[in-house]
Amino acid sequence: MSYRTPFALTLVLALAAAVVPAVADETVESLLPPLPEGSRWELTFADEFEGDRLDETRWQPRDYGEFIRNNELQAYVEDAFEVRDGVLRIVARRQPARYAGRTQEYTSGMMITKGMFSQQYGYFEIRCRVPKGQGLWPAFWTLEDRDPQPWPPEIDILEFLGHEPHTMHFNVHWRTPQGRRHDPGSFTGPDFTADFHIIGCLWTADEMVWYVDGEPRYRYTGEGIPHVPMYLMVNLAVGGNWPGSPDETTPFPSAYEIDFVRVYQRVDP
């Protein structure tokens, strides 16, 4: 979910995949990337959404500033979050609201851990079901935890376009003396709107690997790997330069459903 202004993405890499059924909590550990013998993954952040509301000791229910990026059409509001039966729902609605000095056609939600949790390197994952519909744009991403807010770097662990139900998108953004650059990737597999799936990103000093249901699907090893602590962002955007606007087929309300968000740090002997 890039902070970028109107830069379109060209997405690459398509592979086949099998549908993976819903994963019980006790089996999730087996989906973590393998480590050398003696090393282990240590859980450093987790939200299982077991309460009845968003846990504001873990998340701020808002963007880090009130502004409109990518010509999106939503206003981010704090009542867009519903928690029940261990699942968080970020709900987009077709209703007007004032945001960044103008009236937006839709409302939706963003939650961030800025100033509350950040990490450099590790494994970042989400188990979610994404919504289907033209103009819907859910994401799980990171930005550098620093003020004033710099951009880039940015890691897009998950980006999804509601009119492409079989494709997950991944990205990393960075800056060079010649300007901003990014490395987009994608994976084509099952209908990701039909069930929950685990999407993760392994981030080390040397490479980034994106996983879908425990299988590596995209790898990056270039100069753009971030080397700074980054905080988490989860949101459901509506419209914008990349997905385009909703149309008469887009269902409202629509929800981005999240079973858990977890972050791990590698611990060596």
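Position labels on residues start from 1 in each chain and follow its written sequence. Restriction of local features to residues with pLDDT of at least 70 applies here, the model being predicted, together with a cutoff of 80 or more for giving and counting side-chain atom pairs; totals for whole chains, interfaces and linings are based on all residues. Values shown for side chains rest on all heavy atoms present in the structure; no hydrogens or waters enter the calculation.

**Q** Help me understand the nonpolar core, please; the structure alone is not making it clear to me.
**A** Joining through side-chain atoms within 4.5 Å is the link that ties buried Ala, Val, Leu, Ile, Met, Phe, Trp, Tyr and Cys residues into a set, and such a set is a nonpolar core. Burial classes: relative accessible area under 20% of the type maximum marks a residue as buried, over 50% as exposed, and values in between as partly exposed (1.4 Å probe, protein chains only). Counting residues in each nonpolar core, the largest one holds 48 residues, and the members touching the most others are Ile126, Tyr256 and Ile258. Helical segments are the DSSP runs of H or I of at least four residues, strand segments are the runs of E of at least two, and each set is numbered from the N terminus. The element that contributes the greatest number of residues to this core is strand 18 (residues 230–238), accounting for five residues. Residues Tyr76, Trp137, Trp151 and Met233 belong to the second largest nonpolar core, which totals 16 residues.

**Q** Whenever I open this one, the side chain of Asp259 confuses me. Can you help?
**A** In this structure, Asp259 sits in strand 19 (residues 254–267). There is a polar contact of 2.7 Å between the side chain of Asp259 and the side chain of Arg127. Here a polar contact is taken to be a pair of N or O atoms separated by no more than 3.5 Å, where protein atoms must pair a possible hydrogen donor with a possible acceptor and residues adjacent in sequence count only if both atoms sit in side chains.

**Q** So what exactly am I meant to see when it comes to the environment of Ala255 here?
**A** Mapping Ala255 onto the fold places it in strand 19. In this structure Ala255 comes out as buried when scored by relative accessible area, which is 14%. Sequence separation between Ala255 and Ala80 is 175 residues, and the spatial gap between their C-alpha atoms is 9.4 Å. Apart from the residues within four sequence positions on either side, Ala255 is in contact with Arg89, Ile90, Val91, Arg129 and Pro131. We call two residues in contact whenever any of their non-hydrogen atoms come within 4.5 Å of each other.

**Q** What is the right way to read the environment of Val263 from this model?
**A** Mapped onto the elements of the fold, Val263 is located in strand 19. Exposure remark for Val263: the relative accessible area of 0% places this residue in the buried category. Not counting residues within four places of it along the chain, the set of residues in contact with Val263 comprises Glu42, Leu43, Thr44, Phe45, Phe117, Gln119, Tyr123, Phe124 and Leu232.

**Q** Looking at this model, I keep getting lost on the side chain of Thr193. Mind explaining?
**A** As for its placement among the helices and strands, Thr193 is situated in the loop between strand 14 (185–188) and strand 15 (197–203). Polar side-chain contacts of Thr193 include one of 2.6 Å to the side chain of Asp191. Each residue touching Thr193, except ones within four places of it in the same chain, is listed here: Arg129, Val130, Pro131, Lys132, Phe160 and Pro165.

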